[in-house]
Amino acid sequence: MHYKKNIIVTILFLLFQLADSTAKPFNHASSGRETIPFNKDWQFYFAYNFEKDIKKETVTLPHTWNAMEVLKGVPDYNRASAIYENKFNVLPGWTGKRLFLYFEGANSVATVFVNNKSVGTHKGGYTAFAIEITDAVKPGENSVTVQVSNAYRLDVLPLHGDFNIYGGIHRPVSLILTAKNCISPLDYGSSGVYLKQKQVSKASAEIEVLTKLSLSDDEALSLKTTLLDGNKKVVSTLTSNIGKDQNQELSQSIKLSNPHLWNGKADPYLYEVRVELLQNGQVIDQRSQPLGLRYFSVDPDKGFFLNGKYLDLYGAGRHEDVSGKGSALTDEDHDRDMELMKELGATAARLTHYPHSKHFYELCDKNGIVLWSEIPFVGPGGYTGTGYVKDAELESNIKQMLKELIRQNYNHPSVCFWGLFNELKLNWDDPQPFIKELNTLAKQEDPSRLTTLASNLGKNSYTDLTDLMGWNQYFGWYGGKFDEVGVWADETHAAVPGKSISISEYGAGGSPFKHTEGLIRPEAKGNFHPEEWQTAFHEKHWEELKKRPFLWGKFIWVLADFGSAIRTEGDANGINDKGLVTYDRKIKKDAFYFYKANWNPEPMVYIAERRNTNRSKALTSVKVFSNVANAELWVKGKRIGKKAKNGLNTMIWENVQLSKGNNDILVKTKYKGKELSDSCVWILQ
Ligand code: GCU
């Protein structure tokens, strides 16, 4: 028997609800669980303050203390320790409840105190954790103090990386109130419900519903599990009694014939599984989880298959980082990134280099984006240092993060691949024996997904560690030439027969404010990163990659520019500018529209190099990205002529004559009777 102490707590959290306008109405009566957002009115200060009258700043979560400072381009941004304080009221009135604090992410080590007594520590900034505080609270006012540190250390991931480790409680916090008996909030920050897709085909599906329980007393309990369809109509219901020996978990099985499959972007159909814990016929707890039924496989020679059909997986890596906010993003920020991915026409994404926010996984489920999701086990890339140390503390932290990644995201149908590391090196402690352990752990936790990694070493490194592989390649940026990517892919494919390979990153820096007339190769580490080179990089890469279905994934680096304090290049220090979109998400670069024309079937026409306004050459070419058959070019009101799109959905008019002063460039086309056009002005000096 593993019963917790039967603790009676009396809580009224009216003040919580008043303090946080986003709080949902309390519906304890219907389900026994209430999740109350706890994001407003936190008092913030740095931990190096010792005076009595410390100046505290009132902040709203999500929050980071590094958001503005990194914009100045300071490589030694403040990796420190800070304090967040708040209060809540526990009033007489309720009895027999349990109370938990749930953090979606505090970067990167957080110790939580209730009434100045420590209640738990969590190491790792990108995964959720819950702490039970039932025993720590008292009637009346209670204080919560969270000490958060993003200081450099070698026993918590990430040790390295080309991105900023924004300190703070950078994801939302909530208070969870449950009955004495509940579905466990304490299983590695997960929902407590695991939907295991035992068998899925077009004809039938079998799902094991494993529910973790946290029971504090010996009542007669049962678990009712309901399968709902996309319209929330009940498909089936199953009730099981919870035996005395099942007080930690219960497994149930759902079977259905002719399931409606989750089919990526084409049809991201979601069922819902609702699990209710009943005591004497009354619902005392409830959790609802998305269920997207699908099966997938990867063939070393043919690529990725979803529900038995080939699906070309292409998209971009994404960092959770927006100019002026760092990683403290709101749902609106995540929604905007999803809109960008949809507009781009991506079928997949790589969520780099750490587990992303809960909301983003939900968006990927709903929009049918296939995901590679990974832990922050990141090496130094082209920089010095190591991402791995053979150290028991670090290894235990990495295993904890892998378990959290998998358990917290287990039910997202969008996730097909678990990423174990990125760009680890072999010239420091050899990480390979440990990665084998990680791979075994990933398989134990979740045999239904495939494991992968992202390497920047040669063809024959790391080939026996994970199910699949990926390489980060930058031909024509850090070295080499654009079209070598095709040769690289073919040679690698031949060098590791039987291994399914992908390109896990490819990209080039590009500024929408820097231009060249004609192509000039920039210095990767220089300040001049013209947009035209970035576009050409992607044109040539996609031309090569699209011909190679054996590459099971093709991931651009990166969806949007992001903060990286170690960089002193491009338009501004502190930024990696390989994004298809700028850091503030305001400008979509030309390369974005190149992919949009190729990946998104929605009819469009776009004049490339539009921002290359000041011209010195009277004879120029005009390049248009479009997915309609042909378009007509006009310069200064004069019809130049029609062009048909080529195999890369591009039209090029060569030797177009510009005249002194303003030249209105206009492209017109029609799709199904509807006019489409785009225009810009180029000025010849
Ligand atoms: C690496 C690495 C990224 C990095 C990128 C780059 O391959 O995985 O984190 O940002 O290269 O150099 O831009």
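Predicted, not measured: the structure shown is a model, and the values here were computed from it.

Draft legend 1. Representation of the domain arrangement of the protein within the structure. The domains assigned to the protein are domain 1 (23-180), domain 2 (193-291), domain 3 (313-602) and domain 4 (614-684). Computed from C-alpha atoms alone, the centre-to-centre distance between domain 2 and domain 3 is 34 Å. On the domain 3 side, the residues contacting the twelve residues of domain 2 number 17 residues. Interface of domain 2 and domain 3: buried area, both sides summed, is about 1,200 Å²; carbon and sulfur atoms make up 59% of it. It is Tyr194, Trp262 and Lys265 in domain 2 that bury the most area against domain 3; as a group they hold 50% of the surface buried on that side. Summed over the shared surface of domain 2 and domain 3, the number is zero salt bridges. Applying the counting criterion to the domain 2 and domain 3 interface returns six residue pairs in polar contact (both at pLDDT 80 or more). If you list the elements that add at least two residues to the side of domain 2 that touches domain 3, you get β12 (193-200) and β20 (282-291).

Draft legend 2. Molecular detail of the environment of Thr211. Secondary-structure assignment places Thr211 in strand β13 (residues 204-214). As for Thr211 and Ser191, which are separated by 20 residues in sequence, their C-alpha atoms are 9.0 Å apart.

Draft legend 3. The sheet that holds strand β22 (residues 303-306), seen in detail. One open sheet accounts for three strands, arranged β21-β22-β23; its pairing is antiparallel. The open sheet terminates on both sides in strands that have one partner only, identified here as β21 (296-299) and β23 (309-310). Relative to β22, β21 is paired through four bridges, and the arrangement is antiparallel. Directly across from Asp299, in β22, lies its bridge partner Gly303.

Draft legend 4. Representation of the site of the ligand within the structure. In the neighbourhood of the ligand, 13 residues make up the surrounding shell, with Asp162, Glu423, Tyr478, Glu505 and Lys578 lying closest. Contact distances for the ligand include 2.8 Å between an oxygen atom and a side-chain N or O atom of Asn422. Considered class by class, the residues forming the shell around the ligand number four nonpolar, four polar and five charged.

Draft legend 5. Examining the UniProt feature "domain: Glycoside hydrolase family 2 catalytic" (unreviewed entry) in the protein more closely. The feature "domain: Glycoside hydrolase family 2 catalytic" (unreviewed entry), as given by UniProt, occupies residues 301-596 in the numbering adopted here. When the span residues 301-596 is considered, its composition is 30% helix and 18% strand, and the gap between its end C-alpha atoms is 27 Å.

Draft legend 6. Structural context of the nonpolar core. One finds Phe377, Leu402, Trp542 and Tyr595 to be the most contacted residues of the largest nonpolar core, which totals 96 residues. With seven residues, the single largest contributor to this core is helix α9 (residues 590-599). Both of domain 1 (23-180) and domain 3 (313-602) provide at least three residues apiece to this core. If we skip the residues at most four places from it in the chain, Leu402 touches Ile375, Leu420, Leu438, Leu441 and Ala442.

Draft legend 7. Region of interest: the packing of helix α5 (residues 392-408) against helix α6 (residues 432-445). Across the interface, α5 lies against α6 with an axial gap of 10 Å and an inter-helix angle of 30°. Comparing the axis directions of α5 and α6 gives the class roughly parallel. Note that α5 runs across α6; the crossing there is right-handed. Of the residues in α6, those in contact with Glu395, Ile398, Lys399, Leu402, Lys403, Ile406 and Arg407 of α5 are Phe434, Glu437, Leu438, Leu441, Ala442 and Glu445.

Draft legend 8. Seen up close, the packing of aromatic side chains. Taken as a whole and assessed by the stated rule, the structure comprises 42 aromatic pairs. Between Phe482 and Phe537 the ring centres are 5.7 Å apart and the planes differ by 80°, which places this aromatic pair in the edge-to-face class. Taken together, the residues Phe482 in the loop between β29 (468-472) and α7 (484-495) and Phe537 in helix α8 (residues 531-545) connect sequence positions 55 residues apart. Like Phe482, the residue Phe537 is buried in the burial classification. Ring centres of Trp542 and Tyr595 lie 6.2 Å apart, and the angle between their planes is 70°; this geometry places the pair in the edge-to-face category. With Trp542 in helix α8 and Tyr595 in helix α9, this residue pair connects regions lying 53 residues apart in the sequence. Taken individually, Trp542 and Tyr595 each receive the classification buried, so the pair is uniform in this respect.

Parameters at a glance
Residues numbered from 1 in each chain as written. Predicted model: local features only at pLDDT ≥ 70, side-chain atom pairs only at ≥ 80, totals over all residues. Heavy atoms only, no water. Domains from an automatic or database assignment. Contact = heavy atoms within 4.5 Å. Buried area = accessible area lost by both parts, 1.4 Å probe. Salt bridge = Lys/Arg side-chain N within 4 Å of Asp/Glu carboxyl O. Polar contact = N/O pair within 3.5 Å; in protein donor to acceptor, adjacent residues only side chain to side chain. Helix = DSSP H or I, 4+ residues; strand = E, 2+ residues; numbered from the N terminus. Pairing = 2+ DSSP bridges. Near = heavy atom within 4 Å. Nonpolar A, V, L, I, M, F, W, Y, C, P; charged D, E, K, R; others polar. UniProt positions renumbered as here; feature names shortened; annotations may be inferred. Core = buried A, V, L, I, M, F, W, Y, C linked by side-chain atoms within 4.5 Å. Buried < 20%, exposed > 50% of the residue type's maximum accessible area, 1.4 Å probe, protein only. Axes fitted to C-alpha atoms, helices over the stretch in contact; angles between N-to-C directions. Parallel < 35°, antiparallel > 145°, perpendicular 65-115°, else oblique. Left-handed = near helix turned anticlockwise from the far one by under 90°. Phe/Tyr/Trp six-rings, centres within 6.5 Å; stacked < 30°, edge-to-face > 60°.

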